[in-house]
Amino acid sequence: MGVTGNGRTNDVLWDKYSLIIKGQRVFIHSGEFHTFRLPVPGLWLDILQKVKAAGFNAISVYTHMALINPSPGVVDFNDYRALEPLYEAARQTGIWIVLRPGPYINAETTAGGIAHWITSEVAGELRTNATDWHAAWQDYVQGVIIETAPYQVTQGGPVIDNEYSQEPAMHAEYFHELETVYLNSSIVVPLTANDPGENQAWINGTGAVNIYGLDSYPQGFDCSNPDIWSPVVTNYYSYHEFVDPGQPWYFPEFQGGSFDAWGPTAPGYDQCRILTGANFENVFNLNLWASNAKLINYYMLYGGTSWGALPFPGVYTSYDYGSAIAENRELTVKYPELKRQGLFLRSSPDFYKTDWVGNSTGGMVFVSNPAAFVTLLRNPDSAASFYIARQGNSTTTDVTTFKLNVTTSAGSFEVPRFTSGITLEGRQSKIIITDYSFGLSSKVLYSTAQVLFAGQIGGRDILFLYGDPTSESEAALTLNGTPRIQGTGVSSVSSNGVTSVTFLPGIQGLITIWDSNEQLVLYSDTDTAGTFWSPEISADDSVEFANYWQFGTNTSILVGGPYLVRNATITESTLALRGDLNDSVQLTVIAPDDVKTVTWNGIPISLDVAAVSNLTIQGGFVAQLKPSSTVLGFAPPALTNWRYADSLPEIRSGFSDANWTLADHTTTNMPFKPYYGDGRVLYGCDYEYCENIVLWRGHFNATENTQSVNLSINGGEAFAATVWVNDVFLNTSYGNSTNDQNILEETDDKFYFPPGSLLYGQENVITILQDNMGLNESGSVIDEEKSPRGIRGFMLNTGEFGEWKVQGKIGGYTNYLDKVRGVLNEGGLYGERMGWHLPEFDTSSWALRSLSEGLPNAAAGVGFFITTFNLSIPDGFDVPMSFVFDNTSQPYRSQLYVNGWMMGKRVSNLGPQYQFPVQQGILDYNGTNTVAVALWAMEPTVVTPTLQLSIEGVYEGGVGGIETNNPPWSPEGRP
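The structure displayed is predicted, hence computed values, not measured ones.

What counts and how
Residues numbered from 1 in each chain as written. Predicted model: local features only at pLDDT ≥ 70, side-chain atom pairs only at ≥ 80, totals over all residues. Heavy atoms only, no water. Phe/Tyr/Trp six-rings, centres within 6.5 Å; stacked < 30°, edge-to-face > 60°. Helix = DSSP H or I, 4+ residues; strand = E, 2+ residues; numbered from the N terminus. Buried < 20%, exposed > 50% of the residue type's maximum accessible area, 1.4 Å probe, protein only. Lys NZ or Arg CZ within 6 Å of the ring centre and 35° of its normal. Contact = heavy atoms within 4.5 Å. Polar contact = N/O pair within 3.5 Å; in protein donor to acceptor, adjacent residues only side chain to side chain. Disulfide = S-S within 2.5 Å. Axes fitted to C-alpha atoms, helices over the stretch in contact; angles between N-to-C directions. Parallel < 35°, antiparallel > 145°, perpendicular 65-115°, else oblique. Nonpolar A, V, L, I, M, F, W, Y, C, P; charged D, E, K, R; others polar.

1. A closer look at the packing of aromatic side chains
Pairs of aromatic rings are described using the distance from one ring centre to the other and the angle between the two planes.
Inference 1: This model, assessed by the stated rule, comprises 64 aromatic pairs.
Inference 2: Residues Trp307 and Trp901 carry aromatic rings whose centres are separated by 5.3 Å and whose planes lie at 70° to one another, so their mutual orientation is edge-to-face. In this pair, Trp307 sits in the loop between strand S10 (293-302) and helix H11 (335-347) while Trp901 sits in strand S53 (residues 901-907), placing the two residues 594 residues apart along the sequence. The residues Trp307 and Trp901 share a single accessibility class, namely buried.
Inference 3: An aromatic cluster of at least three residues, connected via ring pairs, comprises Phe56, Tyr212, Tyr236, Tyr239, Trp249, Phe251, Phe254 and Tyr298.
Inference 4: The cationic tip of Arg81 hangs over the ring face of Tyr80; the distance from NZ or CZ to the ring centre is 4.5 Å.

In structure tokens form, the structure reads like this:
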């Protein structure tokens, strides 16, 4: 089958193998990044540079309707909601973007990203062809189109363009309506969708998209037993051939980690980083490659933070996801394996077009040991072949050694020829290459060693191989020129112009195999290979797509040693490297031979002549790099001198709720109706209070027969609600989660009035302090996003309630005050309504009280604790920091505000999160920072929370130029 497209542009086409962008065949190698989970636009460049440095050429990006379209008729692409700075950073970095605007995105976010106002104002079923739902998403989608159209690949930009069932018909009609809007716009790039399972959705029929995609998470989402694997999926290729053989094989989401749930037994993200660690990446990613997939996106590559009310109830604040790039933006143990894979893909254009030939169970590939499983992919034009090997039992930790029959341009034979076999060290995959080209004219006949880099640097053909130090590997290649350096730890045999090189066990570090004026062949152990980078040398800015590999440039260099190499430029004879250091390292550079000077972050480097002489005679540099002494000098300031004020005046006698919203609705668009009461609907979203803490006050007259009240309260998984009558604590209703088990998202409790708590013959008030843990995502029940957060039942044992009043954040979703931080940042606590959490609020009249003392008199209630601290971190340093609570189980919840941003929700009685990373840009690296803790003691007992600021690392480098945007307190609009 030939090349096809969507009929709207020839700049993005495809065939059965891959995408073809502007005439170039491209393997889309992508990672998921949600900018809304890093609400500092200046740091998006940091993530994109780390993505690019690992060899990726694309990111996949969800946009968040609830943030962008916070209320009817309002579309806001300002601040962290903006798309333009992302697109510009992608263009600067040379990264393609696959944009996924939903409107429903799932993504473990509240209502799956659907704007909260829609959940109460739209009567029709969401995500169908219901007319009011259709009207509701128009503004948002049109806004995305306006922002994105100028940045399509057709305009020299980065954009090359969810989970849902195609049945019943109204689902398909909805997709068709969405597509029609794009087709009637200036968007011309292809449309895609992701099928959450092998459901054959969106391939044909109403709502079908241009390119079908399948999501796959083979390890699921429980990291409790990280050493126990589910096996690889074995039918990817056959499924694709059955449902969609004429299109490239696309995975919009392949497991790059896992989310983690609330609860004391939740394992935490470190365990997820083990479950989906380097071995998983090696085995499962290559198994995906073996299915001939050529468009792959790993979800997540950087997870970030679900700050404020972003999470759906199943997850907590951190969305670290066990990703290769941690929530605090540090590179993790998973990163080097992705980089080894990424540089191989970038080096191997023959891999972008391959036929699936067969595997070792189908008779097309022959192995000496049936414990090994090998799949053969072959380029039909060049005959380059890729034998992808794994354990037949993908979960085994056994060592398996085998030999493999290969077919090459020199005939068919068994490899390796001189060593005992190809070794799989337990959970491991390898790619055995044959007839593989590197550089301008060099060939590898075969190699059981792995390819890190293949290309041309300074007119020489360069090959960098690697392997495990515990086993042998072997390569046969044509070596040209007169060698000046030949490595130790290897042996070689030459025949008919082909040299077979054996790499013996025990090789550690980098060795030179062949160094001539025509070729350089390097070899290292696997870990050393993971310390190397290959920054691209961009073309002149006048060249279209100057920063994009294959398009503006095919020139790169090799750099080993630093924590991170962000980019490289060559001006005349000077190579300028920019990157990050956190320790002293040996810098190793392979560059064009006309480079005479190397600088690191602008500082010239002194050459180690003796070390260079062992590397290469041509274009090599070796030097020692060490960070400045400043790196050792950072210490986190102590959080002291806390000021305290009570934040629950609502339970005091004389408090007036006259200005609160009267909760008198008797109908709701939510399908989940009240259980009992008098017909009034007490759901927060129906009164514009859809997120975070909401307070309810129910008025009633009491008699001596008034003894109790029944309340059914819905707050979502892991919520809590504390109830008072007048100023007397009654009890707390606890939602629950135990690592996504024993889920309790609503309670139905009877609260008894203690003697002396009621005023007989007078007005009494029930006050309910309720947390909203986010709205549910789509599920098996229709319109689960329309979550009935609030009171689903209320009943006195005798008598009736009078007025019910409700209060959430000031202004609700139509008139909320904080337009920078946005609609999801605040809730309805008194201190939030007064703006106590914001910088520059004057607390000088407040009492001095340590956070660790808890609330006065061991009372149940809410108090605000506020302090400030100063930072003075010089430019040129990236210093990840976290706020760390006590790791104890106590009956308290707290909300952490940093310079006005709600950066954490700590639930001490459930956990597991107690450490909350906060990024530069929210933190002011050179100024005063305000920390506010809203402490909710859920029982009348002493609680003793502690909070410390922790420095997680110090990196000399960073992207620099990070601006803060933390609007201070203003009395405008506050009570």
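Once you've had a look at it, read on.
2. Some remarks on the environment of Ser556
Inference 1: Position of Ser556 relative to the elements: it lies in the loop between strand S27 (532-533) and strand S28 (558-560).
Inference 2: Judged by its relative accessible area of 2%, Ser556 is buried.
Inference 3: Here the alpha-carbon distance between Ser556 and Trp202, two residues 354 residues apart in the chain, equals 40 Å.
Inference 4: Sequence-distant contacts of Ser556, that is, excluding residues within four places in its chain, are made with Arg346, Phe453, Gln456, Ile457, Ser534, Pro535, Glu536, Ile537 and Trp549.
Inference 5: A polar contact is formed between the side chain of Ser556 and the side chain of Arg346, at a distance of 3.1 Å.
Inference 6: In this structure the side chain of Ser556 is engaged in a polar contact, spanning 3.2 Å, whose partner is the side chain of Ser534.

3. So, the state of the cysteines
Inference 1: Within the structure shown, the criterion is met by 2 disulfides.
Inference 2: Here Cys223 engages in a disulfide with Cys272; their sulfurs sit 2.1 Å apart. Its torsion about the S-S bond being 100°, the disulfide of Cys223 and Cys272 is classed as right-handed. Note that Cys223 is positioned in the loop between strand S8 (211-216) and helix H8 (236-243) and Cys272 in helix H9 (residues 269-275), a separation of 49 residues in sequence. Judged on exposure class, the residue Cys223 and its partner Cys272 are both buried.
Inference 3: Cys685 shares a disulfide with Cys690; S-S distance 2.1 Å.
Inference 4: Classification of Cys685 by relative accessible area gives buried; the value is 2%.
Inference 5: Look at Cys690 and you get buried, because its relative accessible area is 0%.

4. Topic: the packing of helix H10 (residues 278-290) against H11
Inference 1: At a minimum axis distance of 9 Å, the contact between H10 and H11 shows a crossing angle of 30°. Looking at the two axes, H10 sits roughly parallel to H11. Contact with H10, carried on its side by Ala278, Glu281, Asn282, Asn285, Leu286 and Trp289, involves Glu337, Leu338, Gln341, Phe344 and Leu345 of H11 and no other residues of that element.
Inference 2: Taken together, the residues of the contact of H10 with H11 break down into 6 nonpolar, 3 polar and 2 charged.

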